[in-house]
Every structure is written in structure tokens, then in C-alpha cells.
Amino acid sequence: GPSTTAQTACGLLASIAASPTDDVRHHESLARAATWLEDHAQDGKWSNEAALYTSVPQIDYYEAPFMTHCIATLALQTYRTALDKGANAAVAKLFG
């Protein structure tokens, strides 16, 4: 299916954390995910364009714009840190 902001952001964060090398400057997939997030921001905000979150799977789905905005912002900030200081430093900043 089509990409969503929350799933792309989570994938970017997980890929940085799982990077086999500290230097992520040449990881094309990370750059593509960051570019996708940047390209899909509208006035500095993101939307999943669908109810994505659930409290009861297959019954109750809801949209959570603030959570989507936060995870996208966190993913882009973590990517920038990984570019500047390496994946290990970026992950340590998340959990440190």
C-alpha cells in the first residue's frame, strides 16, 4: 500500500538504530525516507491521510495528528544527528 508519514518515520528511526555502520552518509534508503518526509510536510506538519492508529484492531481506528507530527519531527532530527555525528550518537541521544 501507499506510504504513510508515521510508518516512514518509524522505519527511518529503526533503520538508523539498526545501521551496520556508524557512518550513515551513504545509506541511500535513509536519505530517501528523510526526503519523503520532507516532501510530504505541509506547512511544517504531516498527515497520514487515513486513520492509522488503533485501540481495537479491525474495529476502532483513529487519526492522531500530533503523534504523527512528533514522530516525523523526531525521525528527521535523528537523521540529521546521524549525518553529523554518526548513528551511534543519534541513537544514544534518543535513549540517553
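In what follows, the structure referred to is the one given above.
First, a word on what this report is: a plain description of the structure on this page. (Residues numbered from 1 in each chain as written. Predicted model: local features only at pLDDT ≥ 70, side-chain atom pairs only at ≥ 80, totals over all residues. Heavy atoms only, no water.)

Some points on the pattern of salt bridges
- Counting across every chain of the model gives three salt bridges.
- The partner of Asp23 in a salt bridge is Arg25, with the nearest N and O atoms 2.7 Å apart.
- Judged by its relative accessible area of 54%, Arg25 falls in the exposed class.
- Linking Arg32 and Glu28 is a salt bridge whose minimum nitrogen-to-oxygen distance equals 3.0 Å. Taken together, the residues Arg32 and Glu28, both in helix 2 (residues 28–39) and four residues apart, mark about one turn of the helix. (Salt bridge = Lys/Arg side-chain N within 4 Å of Asp/Glu carboxyl O. Buried < 20%, exposed > 50% of the residue type's maximum accessible area, 1.4 Å probe, protein only. Helix = DSSP H or I, 4+ residues; strand = E, 2+ residues; numbered from the N terminus.)

Notes on helix 1 (residues 5–17)
- The end-to-end C-alpha distance of helix 1 is 18 Å, a good match for the 18 Å that 13 residues give at a rise of 1.5 Å each.
- Turning to helix 1, its buried residues are Thr5, Ala6, Thr8, Ala9, Leu12, Leu13 and Ile16. (Expected span 1.5 Å × (residues − 1).)

Observations regarding the nonpolar core
- Ranked by size, the top nonpolar core spans 19 residues in total, and within it Leu12, Ile16, Leu30, Leu37, Ala75 and Tyr79 carry the most contacts.
- Looking at this core, the elements with two or more residues in it are helix 1, helix 2, helix 3 (65–85) and helix 4 (87–95).
- Apart from the residues lying within four places of it in its own chain, the contact partners of Tyr79 are Leu12, Ile16, Leu30, Ala31 and Ala34. (Core = buried A, V, L, I, M, F, W, Y, C linked by side-chain atoms within 4.5 Å. Contact = heavy atoms within 4.5 Å.)

Observations concerning the state of the cysteines
- Going through the model one piece at a time under the given rule, you end up with zero disulfides.
- In this structure Cys70 is a free cysteine whose sulfur lies 12 Å from that of Cys10, the closest cysteine sulfur available.
- For Cys70, a relative accessible area of 33% gives the class partly exposed. (Disulfide = S-S within 2.5 Å.)

Geometric values such as these leave the question of function open.
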